[in-house]
Amino acid sequence: MPHNDTAIRTSALSEAMLLAATGGLLDAFVYLNHGHVFANAMTGNVIFLGIAVLGHNWGEIAPHLVPLASFLAGIITSKHLRVRLGVRSALFGLGLEIATIFALGWAPLGFPEMAFTGIITYVAAIQVASFRRVDRFPYNSTFVTGNLRDVAEGFYDALAHYVTPGVRENGLSKARALGLICLCFLGGAVLGAWAAPRFGNHSLWLAEPLLLAVALHSLRPSATPPSP
C-alpha cells in the first residue's frame, strides 16, 4: 500500500487489535442475526450474489447488493473526510461509528434487515479506510485475508536462512503484529457469535468499549510514529 496519503493515521498495535476485534464481532453478529450477509467481508457477499444470480434467487440479490453499495459509500466518505479534515478524519469517523453502533443497539427486532446491515457496513467501511497502518505495516481491521497473507510472508522472511538480519527482524515483527491482529479478529467473531442469540441487537454494545478505547488513545497528543 502506498504511504503517500498523509491523512492515513498510523495505529499502535493495541489500537489495531481492538479495531480488528470490533470487525470480527460486527461480521459475526450481522451474519447470524441479519439475513446471513456480511457487514465487512465483501468477498463473501460477492460470492453469495453470484450464487443468487445463477440460481435465479432474485430475492437474495438485493440483500447482498446493499452492503456492497454501502461499503463503496463508506470508502468514498472516508476519502472525502481525509481530504477535508486531514488526520482528524480518523477520529471523526470513529466517533460516527461509535454513535451509530450505540443507536442501532436500540433498534427493535423488526428493524429492516437490509437497512440495518447497510448502516453497519457503511461505518465499518469508514473504519477500514481510516485505519490501515500499524507501525510500518499495512493491515485491514475488518477482514483478515490480506493480514493472513502478510503473516505467512513475514514468517517466511523470519525463517529464511539467506536473508539479512534486518529483513529477518522485519519479517518477524510483521508476522507477530499481523498474527495478533488476526487472533483478535477471531476473538471478536467468537464474542459476536456468542452474543448474537443471547442479546439480539444489544450485542452491538459489546463493541463500544473497544472503539472508545481506540478513540481515547487517538486523542493523545502524538500518534504512534512508524518505525524507521
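Small disclaimer: the values here were computed from a predicted structure and weren't measured.

1. With respect to the overall build of the chain
Scanning the chain from terminus to terminus reveals eight helices and three strands. Radius of gyration (C-alpha) of the chain: 18 Å, near the 17 Å computed for a compact globule of 228 residues. Projecting the C-alpha coordinates of the chain onto the three principal axes gives extents of approximately 55 × 40 × 35 Å. The buried share among the 228 residues of the chain stands at 46%. Pairs at least 24 residues apart make up 74% of the contacts formed inside the chain by residues separated by at least 6 positions. Counting only carbon and sulfur atoms, one obtains 72% of the accessible surface of the chain, whose full area is about 11,100 Å². For the chain, the separation between the mean place of its 14 positive charges and that of its 12 negative charges on side chains is 8 Å.

2. A few points about the nonpolar core
Residues Leu94, Ile120, Tyr139 and Leu204 are the most contacted members of the largest nonpolar core, which totals 36 residues. Those elements that provide at least two residues to this core are α1 (13-33), α4 (88-104), α5 (113-130), β2 (131-134), α7 (165-199) and α8 (208-218). Tallying contributions element by element places α1 first for this core, with eight residues. Among all residues touching leucine 204, those that are not within four sequence positions of it are Leu26, Phe29, Ile101, Leu104, Gly105, Phe116 and Ile120.

3. Some details on the sheet that holds β2
Here we have three strands laid out as an open sheet, ordered β1-β2-β3, and mixed in their pairing. Each of the sheet's edge strands pairs with one partner strand only, and the pair in question is β1 (9-11) and β3 (137-138). By the bridge criterion, two bridges tie β2 to β3 in an arrangement that is antiparallel. Looking at β3, one finds that valine 134 is bridged to phenylalanine 137.

4. Quick notes on the pattern of salt bridges
Summed over all chains, the structure comprises two salt bridges. In this structure, arginine 136 engages aspartate 135 in a salt bridge whose closest nitrogen and oxygen atoms are separated by 2.9 Å. One salt bridge connects aspartate 150 with arginine 149, and the closest N-O pair in it is separated by 3.1 Å. Relative accessible area serves as the criterion here: at 48%, arginine 149 is assigned to the partly exposed category.

5. Overview of the side chain of serine 218
Position of serine 218 relative to the elements: it lies in helix α8. Residue classification places serine 218 among the buried positions, given a relative accessible area of 16%. Here the side chain of serine 218 touches valine 214 through a polar contact of 2.8 Å, landing on its backbone oxygen. Those residues within four positions of serine 218 in sequence are excluded, and the remaining contacts are Arg9, Glu15, Leu91, Leu94 and Phe131.

6. Points about the confidence of the model for the chain
Chain-level pLDDT for the chain is 91 on average; 93% of the residues reach the 70-or-more range. Contacts for the low-pLDDT stretch residues 223-228, under 50 throughout, to residues beyond four places or in other chains number 12 contacts.

Rules used in this analysis
Chains are numbered independently. Their residues run from 1 in the order of the written sequence. Residues qualify for local features only when their pLDDT is at least 70, as the model is predicted, and side-chain atom pairs are given and counted only at 80 or more; totals for whole chains, interfaces and linings, by contrast, use all residues. Computation of side-chain values covers all heavy atoms of the structure but excludes hydrogens and water. The numbering of helices and of strands both runs from the N terminus, where a helix is a DSSP run of H or I of at least 4 residues and a strand a run of E of at least 2. The size measure is the radius of gyration over C-alpha atoms, and the globule rule it meets is 2.2 Å times the number of residues to the 0.38 power. Burial classes follow relative accessibility: with a 1.4 Å probe on protein chains only, a residue under 20% of its type's maximum area counts as buried, one over 50% as exposed, and anything between as partly exposed. We call two residues contacting when some pair of their heavy atoms lies within 4.5 Å. The Shrake-Rupley method, run with a 1.4 Å probe sphere, supplies the accessible areas, and residue values consider only the shown protein chains as cover. Positive: Lys, Arg. Negative: Asp, Glu. His and the chain ends are not part of the count. The atoms used to mark charge sites are NZ of Lys, CZ of Arg, CG of Asp and CD of Glu. Within this scheme, the nonpolar core is defined by two criteria: the residues are buried Ala, Val, Leu, Ile, Met, Phe, Trp, Tyr or Cys, and they are joined through side-chain atoms within 4.5 Å. A pair of strands is treated as paired once DSSP finds two or more bridges between them. A carboxyl oxygen of Asp or Glu within 4 Å of a side-chain nitrogen of Lys or Arg is what we treat as a salt bridge. Polar contacts here mean pairs of N or O atoms no more than 3.5 Å apart (in protein, one a potential hydrogen donor and the other a potential acceptor; neighbouring residues in sequence count only if both atoms are side-chain atoms). pLDDT is defined as a per-residue confidence score from the predictor, taking values between 0 and 100.

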